[in-house]
Amino acid sequence: KLEISLAYCSQITSQGVRMISLTFPLSLRCLKLDLVNCEQVNQKGIQKIFSDIAKLSALKELSLRLNRDNKVNDKGIKELELCINRLKCLDSLLLSMWKMNEISKSGLKDFLKSLASKTGLKKLILHFPDCDRNITDKSLEKLGKSLIGMKGLEIFGLDVRCCSGITDKGIKELFEKI
């Protein structure tokens, strides 16, 4: 198990975090990585870290905390999608992405739709607060459709507070599927 929190370390760069991710043991089963408010850990650095995480074939539990300072865009969320899909043993995912407004609506919808392939997940916790521009009713609909295939899912959590793009329709779409 490896837990690393660099939250609010404003002098940590993508290069520094990459040095850490290159040393992850391939047999690692649990990784918790917090890069919230690491202003110098940017999009390209995050993509490389996702690529390194994808090599952890024994990983069962992944917890990632990011926010707008990491400047993750559609390329980054696509790399995260590829990373998660390569983790065949993954049964627990906690993803916290605060104010990730550089990700487009379609980029986020595609990511949520891709979670359908993770049928072995037992725990899925998604935190997307303050994502006004990209969390919509359609996003929740895609998430709901993904949840249908997760027959072994025991724990599901969703935090979309302060997301003004969600209406009653989106809530209905999501919870009809659960």
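Rules behind the numbers
- Every chain's residues receive numbers from 1 upward, in the order its sequence appears when written.
- For a predicted model such as this one, the threshold for reporting local features is a pLDDT of at least 70, and the threshold for listing and counting side-chain atom pairs is 80 or more; totals across whole chains, interfaces and linings nevertheless cover every residue.
- The basis for the side-chain values is all heavy atoms of the structure; hydrogens and waters are excluded.
- Two strands are counted as paired when DSSP detects at least two bridges linking them.
- Helical segments are the DSSP runs of H or I of at least four residues, strand segments are the runs of E of at least two, and each set is numbered from the N terminus.
- A fitted line through C-alpha atoms represents every axis, and for helices the fit uses only the stretch in contact; the resulting angles, taken between N-to-C directions, go from 0 to 180 degrees.
- The pocket and cavity definitions rest on a 1 Å grid over protein atoms only: a 1.4 Å probe that fits but cannot leave marks a cavity, an open set with protein on both sides within 12 Å along at least five of seven lines marks a pocket, and residues lining either have an atom within 4 Å of a point.
- Grid points are joined across faces, edges and corners, and a volume is the space filled by probe spheres set on the points.
- Polarity classes work like this: nonpolar for Ala, Val, Leu, Ile, Met, Phe, Trp, Tyr, Cys and Pro, charged for Asp, Glu, Lys and Arg, and polar for all others, with Gly in that last group.
- Note on exposure labels: buried denotes an accessible area under 20% of the residue type's maximum, exposed denotes more than 50%, and partly exposed covers the range between, all computed with a 1.4 Å probe on protein chains only.
- When charges are counted, Lys and Arg contribute as positive and Asp and Glu as negative, whereas His and the chain ends are disregarded.
- A pair is scored as a salt bridge if a Lys or Arg side-chain nitrogen falls within 4 Å of a carboxyl oxygen belonging to Asp or Glu.
- In this description, contact between two residues means that some pair of their heavy atoms is separated by no more than 4.5 Å.
- To form a nonpolar core, buried Ala, Val, Leu, Ile, Met, Phe, Trp, Tyr and Cys residues must be joined to one another through side-chain atoms within 4.5 Å.
- Note on terminology: pairs of cysteine sulfur atoms within 2.5 Å are recorded as disulfides.
- Working definition: roughly parallel below 35 degrees, roughly antiparallel above 145 degrees, roughly perpendicular at 65 to 115 degrees, and oblique for all remaining angles.

S.K.: Which residues make up the sheet that holds strand β2 (residues 30-34), and what values do they have?
M.R.: In spatial order, the strands read β1-β2-β3-β4-β5-β6; together these six strands make up an open sheet with parallel pairing. Only two strands of the sheet have a single neighbouring strand rather than two, namely β1 (2-5) and β6 (155-159). When the angles between neighbouring strand axes are averaged without regard to direction, this sheet yields 5 degrees. The pairing of strand β3 (residues 61-67) with strand β4 (residues 92-98) spans seven bridges and is parallel.

S.K.: Run through empty space enclosed by the protein, naming residues and quoting values.
M.R.: If you walk through the whole model with that rule in mind, you get one cavity of 30 Å³ or more. Of the pockets and cavities examined, the largest cavity occupies roughly 30 Å³. Every residue lining the largest cavity is listed: L112, L126, F128, I135, L140, L143, L158 and V160. A breakdown of the residues in the lining of the largest cavity according to their chemical character gives eight nonpolar, no polar and no charged.

S.K.: Can you explain the side chain of E79? Please cite residues and give values.
M.R.: As for its placement among the helices and strands, E79 is situated in helix α3 (residues 74-86). For the buried residue E79, which engages in no salt bridge, the nearest side chain bearing the opposite charge is R86, 4.1 Å off. Look past the residues within four positions of E79 in its chain and what remains in contact with it is Q47, F50, S51 and R86.

S.K.: Could you give me a rundown of the nonpolar core, with the residues and numbers involved?
M.R.: Counting residues in each nonpolar core, the largest one holds 49 residues, and the members touching the most others are L35, I53 and M97. Secondary-structure elements contributing two or more residues to this core are β2, α2 (43-53), β3, α3, β4, α4 (105-114), β5 (123-127) and α5 (137-148). Not counting chain neighbours up to four residues away, the residues in contact with I53 comprise F24, L31, L59, L62, L64, C83 and L87.

S.K.: So, the state of the cysteines: which residues are in play, and what are the values?
M.R.: Applying the stated criterion to the full structure yields zero disulfides. In this model C9 remains outside any disulfide bridge; the closest cysteine sulfur is found in C38, 5.7 Å from its own.

S.K.: Got a sec to walk through the packing of α2 against α3? Specific residues and values, please.
M.R.: For the pair α2 and α3, interaxial distance at closest approach is 9 Å and the crossing angle is 5 degrees. With respect to α3, the axis of α2 lies roughly parallel. Together, Q43, Q47, F50, S51 and I53 of α2 and K75, G76, E79, L80 and C83 of α3 make up the contact between the two elements.

S.K.: If you had to explain the pattern of salt bridges to someone new, which residues and values would you point to?
M.R.: As a working rule, side chains carrying opposite charge can pair if their charged atoms are close by. Evaluation of the coordinates by the stated rule reveals eleven salt bridges. The salt bridge involving D34 is made with R65; its shortest N-O contact spans 2.5 Å. Placement of D34 in strand β2 and of R65 in strand β3 is noted, with a sequence separation of 31 residues between them. A salt bridge links D91 to K60, with the shortest nitrogen-to-oxygen separation between them at 3.2 Å. Of the two residues, D91 sits in the loop between α3 and β4 while K60 sits in the loop between α2 and β3, which places them 31 residues apart along the sequence. Judged by relative accessible area, which is 27%, K60 ranks as partly exposed. What you see here is one network of salt bridges that share partners, running through R18, D52 and K55.

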